[in-house]
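Letter by letter, the chains look like this.
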Amino acid sequence: MTQPKKILVPIDFSSEQSRVLQQAEMLAKQLGAALVLLHCATPLELSTVAFEPVYVPSEVLERFRGDHLAAAARKLETIAEGLRANVAVEVHVKACGPVDGIVKMAQEARCSFIVMGSRGGGIGPFLLGSVAEKVTRRAPCPVIVTRDEATEYKRVIVGVDFSAASAPLVALARDLTSADGEIHLVHGWQPPHLDTAHLFGDAGHEGLVAALGAGLAEHVGYLESFAATLPDDARYRLRVEEGRAATTLIELAESLPADAVFVGAHESEGLRGLLGTVADRVLRKAKTTVLLTEAARDAALLDS
């Protein structure tokens with residue numbers, strides 16, 4: 001029997017909540033998935049300003065914590081009721097830290113995706129150490145970090161580096177991009193540093209231009225060969241751009257503009273090894289929604 005798809009949506013009752021829920025609801029309807037709403041309530045730490053130590057009985061602390069969890073559950077249930085007309089919704093409130101709670105719930109519920117905002121735990125667009133950044137390192141499934149109002153994925157960028165992660169990442173894009181949309185398979189090619197005088201002699205600048213043109217054409221050929229191994233899809237657009245891979249993806253996402261950028265961590269890196277990688281830089285700098293996955297691990301995700 002096919003495992004029902006579930007999309008985990010961490011809820012912290014922040015200003016990003018509406019946008020995240022809209023994006024998650026859109027995907028749930030598209031995929032026939034249920035939403036799993038999760039609020040992680042960090043155990044309350046009571047403090048007071050006093051000249052002398054103040055003793056707070058344990059039963060008082062427990063009552064405060066219980067009241068806090070109950071209030072969160074009521075708020076979460078109100079949100080769920082507003083969604084249930086369109087999608088199935090589960091509600092969970094856990095007394096734990098957000099990162100551990102999100103990762104554990106994604107594992108236990110066998111979620112297909114996590115959809116969350118970019119600001120969780122930070123004060124900037126995407127800060128090192130934020131909840132979202134930590135979750136992407138430990139997640140057992142693809143994480144969609146939303147930065148835009150909910151919209152169909154009509155124009156998607158997929159970073160292609162010809163590694164084992166590339167084909168599964170394109171498969172995710174095929175499933176999530178609208179039928180009349182565009183899937184831009186993008187490879188960033190950074191030309192090597194060339195000593196024109198030593199390599200090209202009298203040809204100088206003309207020799208350099210010819211070498212760069214040949215290098216670019218070679219990588220265009222690589223991308224065409226890669227695309228030929230994929231299932232036929234009229235939505236593909238092939239692009240080889242000169243420059244660093246992360247910069248290429250970020251700038252192209254803004255200029256198209258794209259509704260989302262899909263980027264995979266290499267199997268050798270995993271999401272735990274994200275810091276400093278192309279995926280990490282795209283996640284921090286892109287102004288649009290980013291889907292991040294350890295794609296080789298999640299190759300059959302949507303079929304499971």
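From a predicted model like this one, the values you see are computed outputs, not experimental measurements.

Student: Looking at this model, I keep getting lost on the overall build of the chain. Mind explaining?
Tutor: In terms of regular secondary structure, the chain is built from nine helices and 10 strands. For the chain, contacts bridging at least 24 residues in sequence account for 78% of all contacts bridging at least 6. Accessible surface, the chain: about 15300 Å² in total, of which carbon and sulfur atoms supply 53%.

Student: Just to check I follow, could you spell out the environment of Leu172 for this structure?
Tutor: Its place among the elements puts Leu172 in helix α5 (residues 166–176). Here the alpha-carbon distance between Leu172 and Val158, two residues 14 residues apart in the chain, equals 9.6 Å.

Student: Looking at this structure, I do not really get the packing of helix α3 (residues 98–108) against helix α4 (residues 131–138). What am I missing?
Tutor: A pair of packed helices is captured by two measures, namely the crossing angle of their axes and the spacing between those axes. Look at α3 against α4: their axes get within 9 Å of each other, and the N-to-C directions meet at 40 degrees. If you check the angle between α3 and α4, you find them oblique. The handedness of the crossing between α3 and α4 comes out as right-handed. Between α3 and α4, the residues in contact are Pro98, Val99, Asp100, Ile102 and Val103 and Val131, Lys134, Val135 and Arg138, respectively. Of the residues belonging to the contact of α3 with α4, the class tally is six nonpolar, no polar and three charged.

Student: Can you help me understand the sheet that holds strand β6 (residues 153–159) in this one?
Tutor: Hydrogen bonds between backbone groups are what pair the strands of a sheet, and the pairing can be parallel or antiparallel. Strand order in this open sheet of 10 strands is β3-β2-β1-β4-β5-β10-β9-β6-β7-β8, and the pairing throughout is mixed. A strand with exactly one partner marks an edge of an open sheet, and here the two such strands are β3 (89–94) and β8 (236–242). When the angles between neighbouring strand axes are averaged without regard to direction, this sheet yields 20 degrees. Note that β6 and strand β7 (residues 177–189) share six bridges and pair parallel. Of the residues in β7, the one forming a bridge with Gly159 is Val186. Contacting β2 (34–40) and β3, helix α2 (residues 58–83) runs over the sheet at an angle of about 165 degrees to β3.

Student: Looking at this model, I keep getting lost on the pairing of strand β9 (residues 260–264). Mind explaining?
Tutor: One face of the sheet, then the other: side chains in a regular strand alternate in exactly this way. Burial analysis of β9 places five of its five residues in the buried class, which makes it a mostly covered element. The two faces of β9 match: Ala260, Phe262 and Gly264 on one face and Val261 and Val263 on the other face are all buried. Direction of pairing for β6 relative to β9: parallel, over a ladder of three bridges. The residue of β9 that forms the bridge with Val156 is Ala260. Inspection of the sheet shows β9 paired to strand β10 (residues 289–293) by five bridges, in the parallel sense. Within the sheet, the bridge partner assigned to Val263 lies in β10 and is Leu292.

Student: Is there a simple way to explain the environment of Cys141 in this structure?
Tutor: Here Cys141 lies in the loop between α4 and β5 (143–146). Using a relative accessible area of 1% as the deciding quantity, one classes Cys141 as buried.

Student: So what exactly am I meant to see when it comes to the pattern of salt bridges here?
Tutor: Between side chains of opposite charge, a pair can form when the charged atoms approach closely. Applying the stated criterion across every chain, the model contains 14 salt bridges. When the shortest N-O distance is used, the salt bridge between Asp100 and Arg138 registers 2.7 Å. One end of the pair, Asp100, is in helix α3; the other, Arg138, is in helix α4, with 38 residues separating them in the sequence. Judged by relative accessible area, which is 47%, Asp100 ranks as partly exposed. Classification of Arg138 by relative accessible area gives partly exposed; the value is 34%.

Parameters at a glance
- Residue numbers restart at each chain and count upward from 1, following the sequence in its written direction.
- With the structure being a predicted model, the display of local features is reserved for residues of pLDDT at least 70 and the display and counting of side-chain atom pairs for 80 or more, all residues being used for whole-chain, interface and lining totals.
- Computation of side-chain values covers all heavy atoms of the structure but excludes hydrogens and water.
- Runs of H or I in DSSP of at least four residues are treated as helices and runs of E of at least two as strands, each being numbered from the N terminus.
- Only heavy atoms matter for contacts: two residues are in contact if any of them lie within 4.5 Å across the pair.
- All accessible areas in this document rest on Shrake-Rupley with a 1.4 Å probe, and a residue is counted as covered only by the protein chains that are shown.
- Simply put, an axis is a line fit to the C-alpha atoms, just over the touching stretch for a helix, and the angle between two N-to-C directions goes from 0 to 180 degrees.
- An angle below 35 degrees is treated as roughly parallel, one above 145 as roughly antiparallel, one from 65 to 115 as roughly perpendicular, and anything else as oblique.
- By definition, any crossing whose near helix is turned counterclockwise from its far helix by less than a right angle is left-handed, and any crossing with a clockwise turn is right-handed.
- In this classification, Asp, Glu, Lys and Arg are treated as charged, Ala, Val, Leu, Ile, Met, Phe, Trp, Tyr, Cys and Pro as nonpolar, and every other residue, Gly included, as polar.
- Think of it this way: DSSP has to see at least two bridges between two strands before they count as a pair.
- Accessible area is worked out with a 1.4 Å probe on protein chains only. A residue is then buried under 20% of its type maximum, exposed over 50%, and partly exposed in between.
- Any carboxyl oxygen of Asp or Glu that lies within 4 Å of a side-chain nitrogen of Lys or Arg is treated as forming a salt bridge with it.

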